[in-house]
Amino acid sequence: MTTGLMRRESVEFGLKLSSARRFPEVGRYTPAPMWRPRLISAALLALLGILGSPAIAQSIGVELLHFGAGDIARGGGPLAVQVEFKSSLDDRAEIEAVWEIPNADLDIVEYARRMVLAPGQAQRKWLYGVLPPDAEGTLLGAIYDLRLYEIKDGQRVRDLGTAKISPANAANPTRVLGLSDDAILVVGPRSVGLDIYAQVNQGGTIPSMNEVTAIANLRDADAFPDRWDGLSAFDAIVWVDGSISPARLPSDSGRALEQWVERGGNFIVALPAAGDP
């Protein structure tokens, strides 16, 4: 990294883009001071009125629904956030949402996803990025820029503004984990006795275990990420609630679960003691 410069890299669906022709900003260096950008205190921004309500970029309403699958977030790895976009543009338009995240080298990496929005249409999308190895307090207070662009013929033609997203302003409260904490995702509203792994003694540890395991719940199939790396924070996924039918899982989410298992994830299905499973 060149001293005194902040490098900007572009990533689409978590993969670095190989072509600078499609996205002119790939590889562009932007002069900036040598501090981590945009990690502003959430408390300060709340006092300024930036947090606490859906963010508004120009002509696009933005609401952060989930900061992490199961509302679990941990620094130092991939993370999925679910955002609802609502267009007030006059015509149907292709939009690019760009989540800007500083990495460990203080470079700004752009994680992008495109969608087509109709006027008045609300659409939920998962965005994916890789967080720097921030501890709990730093991550909880972090504020990230979500930039929106109008796209025509594969190019950015109009800047529609910037929204601020943070674990602190998600519609569903976020639980931020320590870098060494583990997590289990339970599909359904119950913990099925797994919360014993999250109970610590007075010393802050669990006897016979080296770390605390957080238990997260996913209560709706629509809140399931559509890429496997959105599940990478979890050591195991336990499907226990018969009211959430696997048939309701969107095809992309089903494939994401399959790929997560192929990469070593532990998938457990708890069948009822009686009746037709």
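The structure displayed is predicted, hence computed values, not measured ones. (Residues numbered from 1 in each chain as written. Predicted model: local features only at pLDDT ≥ 70, side-chain atom pairs only at ≥ 80, totals over all residues. Heavy atoms only, no water.)

For the rest of this paragraph, the subject is the sheet that holds strand β16 (residues 236–239). Pairing between sheet strands relies on hydrogen bonds along the backbone, with the strands arranged either parallel or antiparallel. Strand order across the open sheet formed by 4 strands is β15-β14-β16-β17, with parallel pairing between neighbours. Among the strands making up the open sheet, the edge pair consists of β15 (213–218) and β17 (266–269). Across the sheet, the axes of successive neighbouring strands diverge by a mean angle of 20°, strand direction being ignored. Across 6 bridges, the pairing between strand β14 (residues 182–187) and β15 is parallel. Bridging across to β15, Val187 finds its partner in Leu218. (Pairing = 2+ DSSP bridges. Helix = DSSP H or I, 4+ residues; strand = E, 2+ residues; numbered from the N terminus. Axes fitted to C-alpha atoms, helices over the stretch in contact; angles between N-to-C directions.)

Inspection of the entire model under this criterion finds 2 cavities of 30 Å³ or more. Residue lining of the largest cavity: Ala69, Ile72, Pro78, Leu79, Ala80, Asp229, Gly230, Ser232, Ala233 and Phe234, and that is the complete set. Top element by residues in the lining of the largest cavity is strand β7 (residues 78–87). It accounts for 3 residues. Grouping the amino acids of the lining of the largest cavity by side-chain chemistry returns 7 nonpolar, 2 polar and 1 charged. (1 Å grid on protein atoms, 1.4 Å probe; cavity = no way out; pocket = protein on both sides within 12 Å on 5 of 7 lines; lining within 4 Å. Points joined across faces, edges and corners; volume = space filled by probe spheres on them. Nonpolar A, V, L, I, M, F, W, Y, C, P; charged D, E, K, R; others polar.)

Let us look at the confidence of the model for the chain. Per-chain confidence: the chain averages 79 in pLDDT, with 69% of residues scoring 70 or above. Segment residues 1–7 is flagged for pLDDT under 50; beyond a separation of four residues in sequence, or across chains, it makes 24 contacts in the model. (pLDDT = per-residue confidence, 0-100. Contact = heavy atoms within 4.5 Å.)

In this section: the nonpolar core. Ranked by size, the top nonpolar core spans 31 residues in total, and within it Ile60, Phe67, Phe85, Ile95, Trp99, Tyr144 and Leu146 carry the most contacts. Those elements that provide at least two residues to this core are β5 (60–67), β7, β8 (93–102), β9 (108–117), β11 (144–152) and β12 (155–165). At 5 residues, β8 tops the list of elements feeding residues into this core. The contact partners of Leu146, leaving out residues within four places of it in the chain, are Val62, Val83, Phe85, Ala97, Val98, Trp99, Leu127, Gly161, Thr162, Ala163 and Ile165. If you look at the next biggest cluster of nonpolar residues, it comprises 20 residues, including Ala69, Ala183, Ala223 and Phe234. (Core = buried A, V, L, I, M, F, W, Y, C linked by side-chain atoms within 4.5 Å. Buried < 20%, exposed > 50% of the residue type's maximum accessible area, 1.4 Å probe, protein only.)

Here β15 lies mainly inside the structure; 6 of its 6 residues are buried. Burial along β15 is two-sided: Thr213, Ile215 and Asn217 and Ala214, Ala216 and Leu218, pointing in opposite directions, are all buried.

Evaluation of the coordinates by the stated rule reveals 13 salt bridges. For the salt bridge of Glu96 with Arg156, the shortest nitrogen-to-oxygen distance reads 2.7 Å. Note that Glu96 is positioned in strand β8 and Arg156 in strand β12, a separation of 60 residues in sequence. Linked by salt bridges that have partners in common, Glu96, Glu110, Arg114 and Arg156 make up one network. (Salt bridge = Lys/Arg side-chain N within 4 Å of Asp/Glu carboxyl O.)

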